[in-house]
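# Inside the fold
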Amino acid sequence: MKFSQSIIIMLAILAAATVVSAQTVSIDQLKQMSEKSAGNLTTYTYTRSANSDFIFTNASLKTEFDAYKATKGQVDLVNKSGWWSSNLTDEESRNILNWEGYFVGSSEYWKQGQNWTKFPVNDTARMMQNYNEIPGEVNLLKYSNLKIVGSEKFQGEDTYKLVGSPFEFICKGICGLQLLSAYIESPLPMPEKLKNGTLEFNTTSLENNSHTVLTAWVSKDKYLLKRLDINSSLTVTPKILNISSPDFKIVSTLNESTVYDNFGSHLNIVLPKEAQGPYSPIKGTDWRWAVFGSIRP
């Protein structure tokens, strides 16, 4: 009886030591282990939701554009294939843009509306990097000032919860994408310097009028990124853009959440029959697909 009690006590002590060890992992160690896990992936799926809101005001108008984008995808690094599907909804008009993409058999296929376009791929490794999102997301965490703020259960799994903001050069990139996205829907004319790529921001003013927060959940057992939320806001005026213009203000907010799941599961990414031709080149592509709901370079 005493022997059994001793074993129980020892097991309790070991369990407690394990908990303490898990709780005291440093943010640098967690980043390193997440990067290592991201490099050993085979398959996974993901879902993403993103809301973007733009408010435009000047002396004579005040208008707003609000949109929602839902994306889901699959990545198979073993068979070098991938798939994603997105719907972008204009909340006011209820107009919906539908896009879909496949990377199968060394070719990429995009669907816009009911039309399919085939793109030959010369660099398969580079294309898989485009479809394999997680290493890029882990790099985003790597180049951010983050703190472990606690532990949470996510989808029944124990995770570390991290909160912080990206380094300055990444924040500038996020602001640039938000600005471009805002002007696509803006009733205000786009500055010529922005069109030709020569626009130089007032860095101090931009930093004072923008804010980006990352929240991440990383599994405790395999250090896999399970969820990443990005919340970003930006206010733009002629002074911030260093341009001479009648007074105006653009306020932009982006809230994006991505969940990664089914790591190592069996996936069967097959190109639909209707995607096998005939093909038509994509024309009149809406730029919002290039910039909305994604901050990745």
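Attention in this report is confined to the structure presented alongside it. The model shown is predicted, which means the values in this text are computed figures rather than measured ones. (Residues numbered from 1 in each chain as written. Predicted model: local features only at pLDDT ≥ 70, side-chain atom pairs only at ≥ 80, totals over all residues. Heavy atoms only, no water.)

On to the environment of Leu224, then. Examined against the element boundaries, Leu224 turns out to sit in the loop between strand E9 (210-219) and strand E10 (225-236). For Leu224, a relative accessible area of 12% translates into the label buried. In sequence terms Leu224 and Ala38 are 186 residues apart; their C-alpha atoms lie 6.9 Å from each other. Aside from chain neighbours lying at most four places away, what touches Leu224 is Ser37, Leu41, Trp217, Val218, Ser219 and Phe263. (Helix = DSSP H or I, 4+ residues; strand = E, 2+ residues; numbered from the N terminus. Buried < 20%, exposed > 50% of the residue type's maximum accessible area, 1.4 Å probe, protein only. Contact = heavy atoms within 4.5 Å.)

Right, let's talk about the nonpolar core for a bit. If you look at the biggest cluster of nonpolar residues, it comprises 31 residues, and the most contacted ones within it are Tyr44, Ile134, Leu141, Leu162, Leu225 and Leu228. For Tyr44, the residues in contact, after removing those within four places along its chain, are Gln74, Val75, Tyr131, Asn132, Glu133, Ile134, Tyr260, Asp261, Asn262, Phe263 and Leu267. Core analysis: the next-biggest nonpolar cluster, separate from the first, contains 21 residues, Val236, Ile240, Leu241 and Ile243 among them. (Core = buried A, V, L, I, M, F, W, Y, C linked by side-chain atoms within 4.5 Å.)

Attention now moves to the pattern of salt bridges. Applying the stated criterion across every chain, the model contains 8 salt bridges. The partner of Glu35 in a salt bridge is Lys142, with the nearest N and O atoms 3.5 Å apart. In this pair, Glu35 sits in helix H2 (residues 27-38) while Lys142 sits in helix H4 (residues 134-142), placing the two residues 107 residues apart along the sequence. The partly exposed category is assigned to Glu35, whose relative accessible area is 35%. (Salt bridge = Lys/Arg side-chain N within 4 Å of Asp/Glu carboxyl O.)

Met127, Met128 and Tyr131 are the residues of helix H3 (residues 124-131) that are buried. For H3, the angular spread of the buried residues around the axis is 100°, confining them to a single face. Facing away from the buried side of H3, by more than 90 degrees, are the exposed residues Ala125, Arg126 and Gln129. Sitting at the amino-terminal end of H3 is Asp123, which places a side-chain oxygen 3.3 Å from the backbone nitrogen of Ala125. (Arc of directions from axis to C-beta. Polar contact = N/O pair within 3.5 Å; in protein donor to acceptor, adjacent residues only side chain to side chain.)

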